[in-house]
Amino acid sequence: MINPSKSATIKYHTNDEIKYVMGDQPIPTPPEATHLGIVRNKKNEPNIDEMIKMGRRVTYSLMGAGLHGKDGLAPHLAYHLICTYAIPRMMYGAEIMKFNVKNLARIECFHRKQLRQIQFLPEKPPPANTAVYALLGAKPIEAHIDSAILTLFGSIVRQPNSIEHQIARRQLAIKNSNSKSWFMIVKSVLAKYNMATPYYLMENPPSKAVWKAEIARAVSSYWQNQWKIDHVSKSSLRFLNIDACRLGLPHHVWSSLPSDVREVEKAAVKARLLTGTYILQANRAKFNQHNCDATCLLCEIAEEDMMHFLIKCPALTEQRCYHESILKRTLLEHCKVQEVDDLFTKEDVLLQFILDSSHESIQSVITLPVDWPSFTESITRQWCYGLHSRRSSLLKQLSYADI
(Lines give C-alpha, C1' and ligand atoms only; values in the text may rest on other atoms or scores of the structure.)
Protein backbone atom coordinates (compact mmCIF):
# COMPACT_ATOMS: atom_id res chain seq x y z
CA MET A 1 0.00 0.00 0.00
CA ILE A 2 1.15 3.53 -0.77
CA ASN A 3 1.42 5.61 2.38
CA PRO A 4 0.41 9.26 1.75
CA SER A 5 2.53 10.46 4.69
CA LYS A 6 5.62 9.00 3.00
CA SER A 7 4.73 10.18 -0.49
CA ALA A 8 5.39 13.46 -2.26
CA THR A 9 4.73 15.07 -5.63
CA ILE A 10 7.25 17.13 -7.56
CA LYS A 11 6.05 19.78 -9.97
CA TYR A 12 8.22 19.47 -13.04
CA HIS A 13 8.59 22.60 -15.20
CA THR A 14 5.33 24.17 -14.05
CA ASN A 15 4.26 26.78 -11.52
CA ASP A 16 0.58 25.80 -11.55
CA GLU A 17 -0.96 25.10 -8.17
CA ILE A 18 -1.93 21.44 -8.28
CA LYS A 19 -3.09 19.61 -5.17
CA TYR A 20 -3.10 15.84 -4.93
CA VAL A 21 -5.11 13.92 -2.37
CA MET A 22 -4.83 10.27 -1.38
CA GLY A 23 -7.97 9.28 0.46
CA ASP A 24 -8.61 12.21 2.78
CA GLN A 25 -4.96 13.15 3.18
CA PRO A 26 -3.25 15.71 0.93
CA ILE A 27 0.08 14.71 -0.59
CA PRO A 28 2.78 17.32 0.12
CA THR A 29 4.55 19.13 -2.73
CA PRO A 30 8.09 19.88 -1.46
CA PRO A 31 10.73 21.60 -3.66
CA GLU A 32 12.63 18.28 -3.79
CA ALA A 33 12.16 14.67 -2.74
CA THR A 34 14.13 11.41 -2.78
CA HIS A 35 12.98 8.62 -5.07
CA LEU A 36 14.95 5.36 -5.28
CA GLY A 37 17.90 7.10 -3.67
CA ILE A 38 17.89 9.94 -6.22
CA VAL A 39 17.05 13.47 -5.10
CA ARG A 40 14.56 14.91 -7.60
CA ASN A 41 13.49 18.55 -7.97
CA LYS A 42 11.18 20.50 -10.22
CA LYS A 43 13.96 21.31 -12.71
CA ASN A 44 15.30 17.74 -12.71
CA GLU A 45 18.77 19.14 -12.02
CA PRO A 46 21.33 17.33 -9.87
CA ASN A 47 22.32 18.49 -6.40
CA ILE A 48 25.98 19.12 -7.17
CA ASP A 49 26.92 19.93 -3.57
CA GLU A 50 25.59 16.58 -2.37
CA MET A 51 27.26 14.71 -5.23
CA ILE A 52 30.64 16.26 -4.46
CA LYS A 53 30.16 15.60 -0.75
CA MET A 54 29.41 11.95 -1.50
CA GLY A 55 32.42 11.64 -3.80
CA ARG A 56 34.72 13.18 -1.21
CA ARG A 57 33.33 11.00 1.59
CA VAL A 58 33.82 7.76 -0.35
CA THR A 59 37.32 8.80 -1.41
CA TYR A 60 38.31 9.48 2.20
CA SER A 61 36.96 6.06 3.20
CA LEU A 62 39.43 4.48 0.74
CA MET A 63 42.47 5.85 2.56
CA GLY A 64 42.68 2.61 4.54
CA ALA A 65 43.07 0.75 1.23
CA GLY A 66 46.12 2.85 0.31
CA LEU A 67 44.56 5.86 -1.41
CA HIS A 68 46.82 8.45 0.17
CA GLY A 69 50.01 10.36 -0.67
CA LYS A 70 53.31 9.15 -2.06
CA ASP A 71 53.53 6.36 0.51
CA GLY A 72 50.29 4.85 -0.78
CA LEU A 73 49.24 3.16 -4.01
CA ALA A 74 50.61 4.08 -7.42
CA PRO A 75 48.39 6.66 -9.20
CA HIS A 76 46.91 4.24 -11.75
CA LEU A 77 45.92 1.85 -8.95
CA ALA A 78 44.47 4.71 -6.90
CA TYR A 79 42.42 5.76 -9.94
CA HIS A 80 41.12 2.19 -10.26
CA LEU A 81 39.82 2.43 -6.68
CA ILE A 82 38.15 5.76 -7.42
CA CYS A 83 36.51 4.33 -10.57
CA THR A 84 35.31 1.26 -8.74
CA TYR A 85 33.92 2.85 -5.57
CA ALA A 86 33.80 6.67 -5.59
CA ILE A 87 32.50 7.54 -9.07
CA PRO A 88 29.53 5.09 -9.06
CA ARG A 89 28.39 6.46 -5.68
CA MET A 90 28.93 10.07 -6.65
CA MET A 91 27.23 9.74 -10.06
CA TYR A 92 24.33 7.52 -8.97
CA GLY A 93 21.26 8.46 -11.02
CA ALA A 94 23.17 11.04 -13.09
CA GLU A 95 22.01 9.49 -16.37
CA ILE A 96 18.42 10.69 -15.81
CA MET A 97 19.39 14.19 -14.62
CA LYS A 98 19.80 17.28 -16.72
CA PHE A 99 23.26 18.81 -16.26
CA ASN A 100 23.69 22.42 -17.33
CA VAL A 101 27.11 23.83 -18.21
CA LYS A 102 27.71 25.29 -14.75
CA ASN A 103 26.82 22.08 -12.88
CA LEU A 104 28.92 19.94 -15.20
CA ALA A 105 31.90 22.29 -14.84
CA ARG A 106 31.71 22.14 -11.02
CA ILE A 107 31.70 18.37 -10.74
CA GLU A 108 34.30 18.08 -13.51
CA CYS A 109 36.54 20.46 -11.57
CA PHE A 110 36.18 18.32 -8.42
CA HIS A 111 36.99 15.14 -10.36
CA ARG A 112 40.00 16.75 -12.03
CA LYS A 113 41.30 17.91 -8.65
CA GLN A 114 41.15 14.33 -7.37
CA LEU A 115 43.05 13.05 -10.39
CA ARG A 116 45.65 15.79 -10.05
CA GLN A 117 46.19 14.99 -6.37
CA ILE A 118 46.66 11.24 -6.82
CA GLN A 119 49.24 12.01 -9.54
CA PHE A 120 51.06 14.51 -7.28
CA LEU A 121 50.67 17.28 -9.87
CA PRO A 122 50.74 20.80 -8.40
CA GLU A 123 47.81 23.17 -8.18
CA LYS A 124 50.02 26.03 -9.33
CA PRO A 125 51.12 26.13 -12.06
CA PRO A 126 48.12 24.01 -13.04
CA PRO A 127 48.73 21.20 -15.52
CA ALA A 128 46.73 21.13 -18.73
CA ASN A 129 43.41 19.33 -18.30
CA THR A 130 44.38 16.91 -21.05
CA ALA A 131 47.53 15.91 -19.16
CA VAL A 132 45.55 15.16 -15.99
CA TYR A 133 43.26 12.77 -17.86
CA ALA A 134 45.68 11.33 -20.44
CA LEU A 135 48.41 10.18 -18.02
CA LEU A 136 45.87 8.00 -16.23
CA GLY A 137 43.75 7.19 -19.29
CA ALA A 138 40.91 8.62 -17.22
CA LYS A 139 37.39 9.41 -18.39
CA PRO A 140 36.06 12.92 -17.77
CA ILE A 141 32.83 13.03 -15.77
CA GLU A 142 31.02 14.06 -18.94
CA ALA A 143 32.09 10.78 -20.54
CA HIS A 144 30.83 8.82 -17.51
CA ILE A 145 27.42 10.53 -17.77
CA ASP A 146 27.18 10.02 -21.53
CA SER A 147 28.09 6.34 -21.21
CA ALA A 148 25.41 5.86 -18.54
CA ILE A 149 22.79 7.59 -20.71
CA LEU A 150 23.60 5.41 -23.71
CA THR A 151 23.61 2.25 -21.58
CA LEU A 152 20.15 3.07 -20.19
CA PHE A 153 18.79 3.82 -23.65
CA GLY A 154 20.20 0.51 -24.88
CA SER A 155 18.26 -1.37 -22.20
CA ILE A 156 15.06 0.48 -23.23
CA VAL A 157 15.33 -0.36 -26.94
CA ARG A 158 15.90 -4.04 -26.12
CA GLN A 159 12.52 -4.30 -24.32
CA PRO A 160 9.86 -3.65 -27.00
CA ASN A 161 6.97 -4.56 -24.72
CA SER A 162 7.91 -2.21 -21.89
CA ILE A 163 6.19 1.08 -21.08
CA GLU A 164 9.54 2.87 -21.36
CA HIS A 165 9.89 1.61 -24.94
CA GLN A 166 6.46 2.94 -25.83
CA ILE A 167 7.24 6.31 -24.24
CA ALA A 168 10.52 6.43 -26.20
CA ARG A 169 8.67 5.92 -29.50
CA ARG A 170 6.17 8.63 -28.66
CA GLN A 171 8.74 11.19 -27.47
CA LEU A 172 11.06 10.64 -30.42
CA ALA A 173 8.12 11.03 -32.79
CA ILE A 174 6.62 14.25 -31.44
CA LYS A 175 9.43 16.15 -29.67
CA ASN A 176 11.87 18.50 -31.36
CA SER A 177 15.47 19.33 -30.45
CA ASN A 178 14.42 22.23 -28.19
CA SER A 179 12.37 19.93 -25.98
CA LYS A 180 13.48 19.14 -22.42
CA SER A 181 12.60 15.49 -22.92
CA TRP A 182 15.24 13.00 -21.79
CA PHE A 183 15.05 11.27 -25.16
CA MET A 184 16.20 14.49 -26.86
CA ILE A 185 19.26 14.36 -24.60
CA VAL A 186 19.82 10.79 -25.81
CA LYS A 187 19.51 11.98 -29.41
CA SER A 188 22.14 14.71 -28.88
CA VAL A 189 24.54 12.31 -27.14
CA LEU A 190 24.27 9.80 -30.00
CA ALA A 191 25.00 12.59 -32.50
CA LYS A 192 27.92 13.82 -30.39
CA TYR A 193 29.65 10.44 -30.63
CA ASN A 194 28.67 9.91 -34.27
CA MET A 195 26.62 6.82 -33.46
CA ALA A 196 23.43 5.45 -34.97
CA THR A 197 20.25 7.52 -34.63
CA PRO A 198 17.75 6.63 -31.90
CA TYR A 199 15.17 5.81 -34.59
CA TYR A 200 17.50 3.21 -36.13
CA LEU A 201 18.27 1.70 -32.73
CA MET A 202 14.57 1.42 -31.91
CA GLU A 203 14.06 -0.67 -35.03
CA ASN A 204 17.36 -2.56 -34.81
CA PRO A 205 18.17 -2.99 -31.12
CA PRO A 206 21.75 -4.22 -30.57
CA SER A 207 22.55 -6.94 -28.06
CA LYS A 208 23.87 -5.90 -24.66
CA ALA A 209 27.44 -7.02 -25.42
CA VAL A 210 27.50 -5.34 -28.84
CA TRP A 211 26.05 -2.09 -27.50
CA LYS A 212 28.51 -2.01 -24.58
CA ALA A 213 31.45 -2.45 -26.96
CA GLU A 214 30.08 0.21 -29.32
CA ILE A 215 29.72 2.73 -26.47
CA ALA A 216 33.29 2.05 -25.31
CA ARG A 217 34.63 2.46 -28.85
CA ALA A 218 32.73 5.67 -29.59
CA VAL A 219 33.46 7.35 -26.25
CA SER A 220 37.14 6.41 -26.38
CA SER A 221 37.53 7.65 -29.95
CA TYR A 222 35.80 10.96 -29.22
CA TRP A 223 37.81 11.87 -26.11
CA GLN A 224 41.14 10.76 -27.53
CA ASN A 225 40.45 13.06 -30.47
CA GLN A 226 39.64 15.90 -28.02
CA TRP A 227 42.98 15.25 -26.29
CA LYS A 228 44.80 15.52 -29.62
CA ILE A 229 43.09 18.82 -30.46
CA ASP A 230 43.96 20.26 -27.04
CA HIS A 231 47.52 18.91 -27.27
CA VAL A 232 48.25 21.05 -30.33
CA SER A 233 47.47 24.29 -28.48
CA LYS A 234 49.33 23.48 -25.23
CA SER A 235 53.07 24.12 -25.31
CA SER A 236 53.41 22.46 -21.88
CA LEU A 237 52.44 19.14 -23.50
CA ARG A 238 55.02 19.19 -26.29
CA PHE A 239 56.97 16.29 -24.78
CA LEU A 240 53.90 14.11 -24.14
CA ASN A 241 53.14 11.63 -26.92
CA ILE A 242 49.38 12.05 -26.96
CA ASP A 243 49.03 9.33 -29.64
CA ALA A 244 50.14 6.75 -27.06
CA CYS A 245 47.47 7.82 -24.56
CA ARG A 246 44.35 5.67 -24.51
CA LEU A 247 41.16 5.91 -22.51
CA GLY A 248 41.30 3.17 -19.89
CA LEU A 249 45.07 2.63 -20.23
CA PRO A 250 47.52 4.62 -18.10
CA HIS A 251 50.62 6.18 -19.64
CA HIS A 252 53.80 4.13 -19.13
CA VAL A 253 55.13 6.75 -16.71
CA TRP A 254 52.60 5.21 -14.27
CA SER A 255 51.94 1.73 -15.67
CA SER A 256 55.63 0.78 -15.50
CA LEU A 257 55.84 1.46 -11.76
CA PRO A 258 56.71 -1.43 -9.43
CA SER A 259 55.06 -1.80 -6.02
CA ASP A 260 57.56 0.51 -4.33
CA VAL A 261 56.66 3.83 -2.70
CA ARG A 262 60.15 5.15 -3.45
CA GLU A 263 59.62 4.60 -7.17
CA VAL A 264 56.27 6.39 -6.97
CA GLU A 265 58.04 9.45 -5.57
CA LYS A 266 60.57 9.35 -8.42
CA ALA A 267 57.84 8.97 -11.04
CA ALA A 268 56.04 12.00 -9.57
CA VAL A 269 59.06 14.16 -10.47
CA LYS A 270 59.08 12.83 -14.03
CA ALA A 271 55.32 13.40 -14.35
CA ARG A 272 55.79 17.07 -13.41
CA LEU A 273 58.57 17.42 -15.98
CA LEU A 274 56.44 15.71 -18.62
CA THR A 275 53.43 17.96 -17.98
CA GLY A 276 55.45 21.19 -17.80
CA THR A 277 54.62 21.84 -14.13
CA TYR A 278 58.16 21.41 -12.80
CA ILE A 279 59.38 24.89 -11.84
CA LEU A 280 62.62 25.95 -13.52
CA GLN A 281 64.02 29.48 -13.75
CA ALA A 282 62.66 29.83 -17.28
CA ASN A 283 59.15 29.17 -15.90
CA ARG A 284 59.64 31.68 -13.08
CA ALA A 285 60.78 34.38 -15.51
CA LYS A 286 57.84 33.69 -17.83
CA PHE A 287 55.05 33.73 -15.25
CA ASN A 288 56.43 35.87 -12.41
CA GLN A 289 54.92 39.34 -12.31
CA HIS A 290 58.14 40.68 -10.79
CA ASN A 291 61.48 40.86 -12.59
CA CYS A 292 62.98 37.36 -12.47
CA ASP A 293 66.13 36.21 -14.25
CA ALA A 294 65.76 33.01 -16.30
CA THR A 295 69.47 32.23 -15.92
CA CYS A 296 70.31 28.98 -14.15
CA LEU A 297 71.18 29.65 -10.49
CA LEU A 298 73.58 26.70 -10.39
CA CYS A 299 75.92 27.44 -13.30
CA GLU A 300 74.92 31.06 -14.12
CA ILE A 301 75.76 30.38 -17.79
CA ALA A 302 72.49 29.88 -19.68
CA GLU A 303 68.73 29.97 -19.33
CA GLU A 304 67.45 27.13 -17.17
CA ASP A 305 64.88 25.40 -19.34
CA MET A 306 64.14 21.69 -19.71
CA MET A 307 67.04 21.08 -22.10
CA HIS A 308 69.50 22.87 -19.85
CA PHE A 309 68.35 21.08 -16.70
CA LEU A 310 68.27 17.51 -18.03
CA ILE A 311 70.99 17.62 -20.69
CA LYS A 312 73.40 20.56 -20.45
CA CYS A 313 73.84 22.14 -16.99
CA PRO A 314 77.56 21.82 -16.00
CA ALA A 315 76.68 21.87 -12.30
CA LEU A 316 74.82 18.56 -12.72
CA THR A 317 77.38 16.85 -14.98
CA GLU A 318 78.53 14.25 -12.46
CA GLN A 319 75.01 13.05 -11.69
CA ARG A 320 74.03 13.15 -15.36
CA CYS A 321 77.05 11.14 -16.53
CA TYR A 322 76.23 8.42 -14.03
CA HIS A 323 72.69 7.92 -15.37
CA GLU A 324 73.85 8.42 -18.97
CA SER A 325 76.31 5.53 -18.68
CA ILE A 326 73.61 3.23 -17.27
CA LEU A 327 71.17 4.12 -20.03
CA LYS A 328 73.77 3.72 -22.79
CA ARG A 329 74.93 0.36 -21.45
CA THR A 330 71.34 -0.92 -21.25
CA LEU A 331 70.43 0.26 -24.75
CA LEU A 332 73.52 -1.37 -26.24
CA GLU A 333 72.22 -4.71 -24.96
CA HIS A 334 69.03 -4.33 -27.04
CA CYS A 335 69.79 -1.91 -29.88
CA LYS A 336 72.38 -1.27 -32.61
CA VAL A 337 75.53 0.65 -31.68
CA GLN A 338 75.02 3.27 -34.40
CA GLU A 339 71.44 3.93 -33.26
CA VAL A 340 72.56 4.41 -29.65
CA ASP A 341 75.33 6.80 -30.75
CA ASP A 342 72.84 8.80 -32.82
CA LEU A 343 70.48 9.05 -29.85
CA PHE A 344 73.12 10.51 -27.56
CA THR A 345 74.44 12.83 -30.28
CA LYS A 346 71.08 14.48 -30.93
CA GLU A 347 70.28 16.38 -27.73
CA ASP A 348 66.69 17.20 -28.61
CA VAL A 349 65.94 13.53 -29.32
CA LEU A 350 67.68 12.45 -26.10
CA LEU A 351 65.58 14.93 -24.12
CA GLN A 352 62.42 13.52 -25.69
CA PHE A 353 63.62 9.98 -24.95
CA ILE A 354 64.11 10.80 -21.26
CA LEU A 355 60.66 12.33 -20.89
CA ASP A 356 58.59 10.09 -23.20
CA SER A 357 60.40 7.47 -25.24
CA SER A 358 57.20 6.41 -27.04
CA HIS A 359 57.29 9.57 -29.18
CA GLU A 360 57.46 9.09 -32.96
CA SER A 361 60.65 11.19 -33.17
CA ILE A 362 62.43 8.45 -31.17
CA GLN A 363 61.31 5.70 -33.54
CA SER A 364 63.06 7.41 -36.46
CA VAL A 365 66.40 7.31 -34.59
CA ILE A 366 66.43 4.07 -32.60
CA THR A 367 64.47 0.81 -32.81
CA LEU A 368 63.35 -0.23 -29.34
CA PRO A 369 62.24 -3.77 -28.42
CA VAL A 370 58.59 -4.51 -27.74
CA ASP A 371 59.08 -4.54 -23.97
CA TRP A 372 61.00 -1.22 -23.90
CA PRO A 373 59.07 0.35 -20.96
CA SER A 374 60.25 -2.43 -18.66
CA PHE A 375 63.83 -1.16 -18.72
CA THR A 376 63.93 2.37 -20.21
CA GLU A 377 61.31 3.85 -17.87
CA SER A 378 63.17 2.78 -14.74
CA ILE A 379 66.42 4.37 -15.95
CA THR A 380 64.92 7.63 -17.21
CA ARG A 381 62.87 7.88 -14.00
CA GLN A 382 66.12 7.61 -12.02
CA TRP A 383 67.72 10.19 -14.33
CA CYS A 384 64.98 12.78 -13.69
CA TYR A 385 64.86 12.15 -9.95
CA GLY A 386 68.66 12.08 -9.57
CA LEU A 387 69.05 15.48 -11.22
CA HIS A 388 66.11 16.84 -9.28
CA SER A 389 67.63 15.74 -5.97
CA ARG A 390 71.05 17.15 -6.85
CA ARG A 391 69.56 20.44 -8.03
CA SER A 392 67.48 20.78 -4.86
CA SER A 393 70.56 20.09 -2.74
CA LEU A 394 72.67 22.70 -4.54
CA LEU A 395 69.89 25.31 -4.39
CA LYS A 396 69.56 24.68 -0.69
CA GLN A 397 73.30 25.23 -0.23
CA LEU A 398 73.06 28.47 -2.20
CA SER A 399 70.22 29.72 -0.04
CA TYR A 400 72.24 29.02 3.12
CA ALA A 401 75.25 30.78 1.60
CA ASP A 402 73.18 33.93 0.99
CA ILE A 403 72.09 34.14 4.64
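Up top you'll find the structure we're talking about.
What counts, and at which threshold
Residues numbered from 1 in each chain as written. Predicted model: local features only at pLDDT ≥ 70, side-chain atom pairs only at ≥ 80, totals over all residues. Heavy atoms only, no water. Helix = DSSP H or I, 4+ residues; strand = E, 2+ residues; numbered from the N terminus. Buried < 20%, exposed > 50% of the residue type's maximum accessible area, 1.4 Å probe, protein only. Contact = heavy atoms within 4.5 Å. Areas by Shrake-Rupley, 256 points an atom, 1.4 Å probe, with all protein chains shown as cover. Lys, Arg positive; Asp, Glu negative; His and termini not counted. Charge placed at Lys NZ, Arg CZ, Asp CG, Glu CD. Phe/Tyr/Trp six-rings, centres within 6.5 Å; stacked < 30°, edge-to-face > 60°. Lys NZ or Arg CZ within 6 Å of the ring centre and 35° of its normal. Expected span 1.5 Å × (residues − 1). Polar contact = N/O pair within 3.5 Å; in protein donor to acceptor, adjacent residues only side chain to side chain. Pairing = 2+ DSSP bridges. Core = buried A, V, L, I, M, F, W, Y, C linked by side-chain atoms within 4.5 Å. Salt bridge = Lys/Arg side-chain N within 4 Å of Asp/Glu carboxyl O.

Chemist: Explain the overall build of the protein chain to me, using residue names and the numbers behind them.
Modeler: Looking only at helices and strands, one finds 18 helices and four strands in the protein chain. Taking the principal axes of its C-alpha atoms as reference, the protein chain extends roughly 90 × 55 × 40 Å. For the protein chain, buried positions account for 46% of its 403 residues. The long-range share in the protein chain, meaning contacts at least 24 apart out of those at least 6 apart in sequence, stands at 64%. For the protein chain, the exposed area adds up to about 21,700 Å²; of that, 53% sits on carbon and sulfur atoms. Within the protein chain, one finds 49 positive and 39 negative side-chain charges whose respective centroids are separated by 8 Å.

Chemist: Give me the packing of aromatic side chains: which residues, what numbers.
Modeler: If you walk through the whole model with that rule in mind, you get five aromatic pairs. On the basis of an interplanar angle of 70° and a centroid distance of 6.5 Å, the ring pair of F153 and F183 is categorised as edge-to-face. Of this pair, F153 sits in helix α5 (residues 141-157) while F183 sits in helix α7 (residues 182-192), placing them 30 residues apart in sequence. Per residue, the accessibility class of F153 equals that of F183, and both read buried. Aromatic rings pair up to connect F153, W182 and F183 into one cluster. Sitting over the ring of F344, K328 keeps its end group 4.8 Å from the ring centre. Here R391 stacks its cationic end above the ring of F309, 5.8 Å away from the centre of that ring.

Chemist: Hey, could you go over helix α3 (residues 101-118) for me, with residue numbers and the actual values?
Modeler: Its 18 residues place the ends of α3 26 Å apart at the C-alpha level, agreeing with the 26 Å of an ideal helix rising 1.5 Å per residue. Of all the residues in α3, the buried ones are N103, L104, I107, E108, F110, H111, Q114, L115, R116 and I118. Contacts from the buried residues of α3 go to α1 (48-61), α2 (75-90), α4 (129-134) and α5. The residue sitting at the N-terminus of α3 and contributing the capping side-chain oxygen is N100; that oxygen lies 3.2 Å from the backbone nitrogen of K102. Directly after α3, the chain includes F120, whose backbone phi takes a positive value near 60°.

Chemist: Describe the pairing of strand β4 (residues 38-41), naming the residues involved and giving the relevant values.
Modeler: Bridge analysis of strand β3 (residues 32-35) against β4 gives four bridges, and the strand direction is antiparallel. Within β4, the residue paired with H35 across the bridge is I38.

Chemist: Help me get a handle on the nonpolar core, residues and values and all.
Modeler: Core analysis: the largest hydrophobic core is formed by 113 residues, its most contacted members being M91, F153, W254, L273, L310, L331 and L343. Among the elements that take part in this core, α5 stands out by supplying eight residues, more than any other. Setting aside anything within four residues of it in sequence, one finds L343 in contact with L331, V349, L350, F353, V365 and I366.

Chemist: Describe in detail the pattern of salt bridges, supporting the description with residues and values.
Modeler: In the structure shown here, the tally under the stated rule is 14 salt bridges. As a salt-bridge pair, K53 and E50 come within 3.5 Å of each other at their nearest N and O atoms. Note that K53 and E50 are positioned in helix α1 at a spacing of three residues, about one turn of the helix. On the accessibility criterion, E50 (40% relative accessible area) is partly exposed. The shortest N-O distance in the salt bridge between E142 and K192 comes to 2.3 Å. Highlighted residues: E142 in helix α5 and K192 in helix α7, separated in sequence by 50 residues. Its relative accessible area of 23% is what places E142 among the partly exposed residues. Salt bridges linked by common partners bring E142, D146 and K192 together as one network.

Chemist: Just give me the short version of the environment of R116, but keep the residues and values in it.
Modeler: Within the secondary structure, R116 is located in helix α3. Look at R116 and you get buried, because its relative accessible area is 16%. Expressed as a C-alpha distance, the spacing of R116 and L136, which sit 20 residues apart in the sequence, is 9.9 Å. Excluding residues that lie within four positions of it along the chain, R116 makes contacts with L121, P122, E123, P127 and V132.

Chemist: Give a description of α5 that names residues and reports values.
Modeler: Its 17 residues place the ends of α5 25 Å apart at the C-alpha level, agreeing with the 24 Å of an ideal helix rising 1.5 Å per residue. The buried fraction of α5 amounts to 12 of the 17 residues, a majority that puts the element mostly inside the structure. Residues I141, A143, H144, I145, D146, S147, I149, L150, F153, G154, I156 and V157 constitute the buried set of α5. The secondary structure elements touched by the buried residues of α5 are α2, α3, α6 (163-174), α7, α8 (198-203) and α9 (208-233).

Structural measurements only, silent on function.
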